[in-house]
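# Notes for the structure review
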Amino acid sequence: MRRPMVAGNWKMHGTRASVAELIKGLGNLALPSGVEVAVFPPCLYINQVIEGLQGKSVAVGAQNSAVEPMQGALTGETAPSQLVDAGCEFVLVGHSERRQFMGESDATLNRKFAAAQACGLTPVLCIGETLEEREAGKTLEVVGRQLGSIIEELGVGAFANAVIAYEPVWAIGTGLTATPQQAQDVHKAIREQLAAENTEVAKNVRLLYGGSVKAANAAELFGMPDIDGGLIGGASLNADEFGAICRAAGN
Ligand code: 13P
């Protein structure tokens, strides 16, 4: 059985004060024990969050990490080994905002994914198509290429210790959610692509949906057979809303 997961990507939001508020709110939540809950604060606040959530079973991850595993001369970057040192367990790899606005290519992301795993971090690989690609009927081709890039470079076994998040770019921060069936269709294709290489890996890997998930639509999405939870943006900045989404994954 795959353990459901709900992850909150805080993106570039927060101040010391608002992060302290959010920590307080998360600390007060009754979280379902069957769900793995994680938050991804801006790097600057990771220490504050890890300290503030001590004793609470909420894992912490980073939104990005360097192409090299170990610390060294790479100005402005954070090494996966440093994230582990801080107490992180996860790292996002290839969020669409980084692919789009920071120009991160599949080749760069292969390196980031490998570097993260080399240090014991669990990468959360984010994949998804733009509206233009969906309208051109290219959704599965695009998602298949993004996933295939890691499989070709690192082997399907790399997904024995990774999470995949399907995030259609057109659904991110737009209030437009993929319908449960639209999301399920892509998740099924992702699992089939992995299964073609290794059925055990495909069966066990968690596939999260991301894109305008809220408490109001979470249960329906998480009820689909190949959707194992969610990667939540805006709604994860409100502790009560995030808690309700976590509970939806537990049901
Ligand atoms: P929203 O939930 O704000 O649409 O963001 C989704 C996302 O990009 C999570 O990584």
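The structure reproduced in this document is the subject of the present report.

Let us look at helix H1 (residues 16-27). Taking 1.5 Å as the rise per residue, H1 with 12 residues should run 16 Å; its terminal C-alpha atoms sit 16 Å apart, in good agreement. Buried residues belonging to H1 abut strand S2 (36-40), helix H2 (46-52) and helix H11 (239-250).

Both faces of strand S4 (residues 90-93) are covered, namely the face carrying Phe90 and Leu92 and the face carrying Val91 and Val93. Sheet analysis places strand S3 (residues 59-62) next to S4, joined by 2 bridges and oriented parallel. Along S4, the bridge assignment pairs Gly61 with Phe90. A crossover connection joins S3 to the parallel S4 through helix H3 (residues 80-86); in handedness this β-α-β unit is right-handed.

Taken together, Asn9, Lys11, His95, Glu167, Ala171, Ile172, Gly173, Gly211, Ser212, Leu231, Gly233 and Gly234 make up all the residues around the ligand. In this structure, an oxygen atom belonging to the ligand sits 2.9 Å away from a side-chain N or O atom of Glu167. Between the ligand and Gly234, the relevant distance is 2.8 Å, taken from an oxygen atom to a main-chain nitrogen or oxygen of the residue. Taking a 2 Å distance to the grid points as the criterion, the majority of the atoms of the ligand fall inside the second largest pocket.

Our next topic: the packing of aromatic side chains. This structure, assessed with the given rule, holds 3 aromatic pairs. Ring centres of Phe40 and Phe90 lie 6.4 Å apart, and the angle between their planes is 55 degrees; on these two criteria the pair is classed as tilted. Of this pair, Phe40 sits in strand S2 while Phe90 is found in strand S4, placing the two residues 50 residues apart along the sequence. Considered together, Phe40 and Phe90 belong to a single accessibility category, that of buried residues.

What follows deals with the sheet that holds strand S6 (residues 163-166). Taken in spatial order, the 8 strands line up as S1-S2-S3-S4-S5-S6-S7-S8 and close into a barrel, and their pairing is parallel. For this sheet, the mean angle separating the axes of adjacent strands, direction not counted, is 25 degrees. The pairing of strand S7 (residues 206-210) with strand S8 (residues 229-232) spans 2 bridges and is parallel. Pairing of Tyr209 across the sheet is with Gly230, part of S8. On top of the sheet, helix H7 (residues 139-154) reaches strand S5 (122-127) and S6; it is set at about 155 degrees to S5, its chief contact.

On to the side chain of His187, then. Relative to the assigned elements, His187 resides in helix H8 (residues 180-195). Within the local environment of His187, its side chain forms a polar contact with the backbone oxygen of Asp226, the two atoms lying 3.0 Å apart.

Looking now at the pattern of salt bridges. Scanning the model with the defined rule gives 13 salt bridges in all. Here Asp106 ties to Arg145 by a salt bridge, and the two come within 3.2 Å at their closest N and O atoms. Pair noted here: Asp106 is in helix H5 (residues 106-118) and Arg145 is in helix H7, with a separation of 39 residues, a long-range link. Of the charged contacts in the structure, one is a salt bridge between Asp228 and Arg191, with a shortest N-O distance of 2.8 Å. Highlighted residues: Asp228 in the loop between helix H10 (215-222) and S8 and Arg191 in helix H8, separated in sequence by 37 residues. Taken as a pair, Asp228 and Arg191 share a single burial class, namely buried. The structure contains a network of salt bridges with shared partners spanning Arg2, Arg191, Asp226 and Asp228.

Cut-off values and rules
- Along each chain, the written sequence defines residue order, and numbers are assigned to residues from 1.
- Totals for whole chains, interfaces and linings use every residue, but because this is a predicted model, local features are given only for residues with pLDDT of at least 70 and side-chain atom pairs only at 80 or more, for both listing and counting.
- Values reported for side chains reflect all heavy atoms of the structure, with hydrogen atoms and water molecules removed beforehand.
- Put simply, DSSP H or I for four residues or longer makes a helix, DSSP E for two residues or longer makes a strand, and each gets a number counted from the N terminus.
- To estimate the expected span of a helix, count its residues, drop one, and scale the result by 1.5 Å.
- The contact criterion used is simple: two residues touch if any of their non-hydrogen atoms lie within 4.5 Å.
- For each residue, the accessible area found with a 1.4 Å probe, counting protein chains only, is set against the maximum for its type, and the residue is called buried under 20%, exposed over 50%, and partly exposed in between.
- Strand pairing is assigned whenever DSSP detects at least two bridges linking the two strands.
- Call a crossover right-handed when, viewed with both strands pointing away from you, the route from the first strand across the helix to the second goes clockwise.
- Any residue with a heavy atom lying within 4 Å of a molecule or strand is counted as near it.
- Pairs of N or O atoms are called polar contacts if they sit within 3.5 Å, as long as, within protein, a hydrogen donor faces a hydrogen acceptor (for residues adjacent in sequence, only side-chain-to-side-chain pairs).
- Think of a 1 Å grid over just the protein atoms. A cavity is a set of points where a 1.4 Å probe fits yet cannot get out, a pocket is an open set with protein on both sides within 12 Å along at least five of seven lines, and lining residues have an atom within 4 Å of a point.
- Grid points define the cavity or pocket, and a molecule sits in it when more than half of its atoms lie within 2 Å of them.
- Aromatic rings from Phe, Tyr and Trp, taking only the six-membered ring of Trp, are treated as a pair when their centres fall within 6.5 Å; an angle between ring planes under 30 degrees marks them as stacked, one over 60 as edge-to-face, and anything in between as tilted.
- Lines fitted to C-alpha atoms define the axes here, with helix axes fitted over just the stretch in contact, and angles between the N-to-C directions of these axes take values from 0 to 180 degrees.
- Any Lys or Arg side-chain nitrogen located within 4 Å of an Asp or Glu carboxyl oxygen qualifies as a salt bridge.

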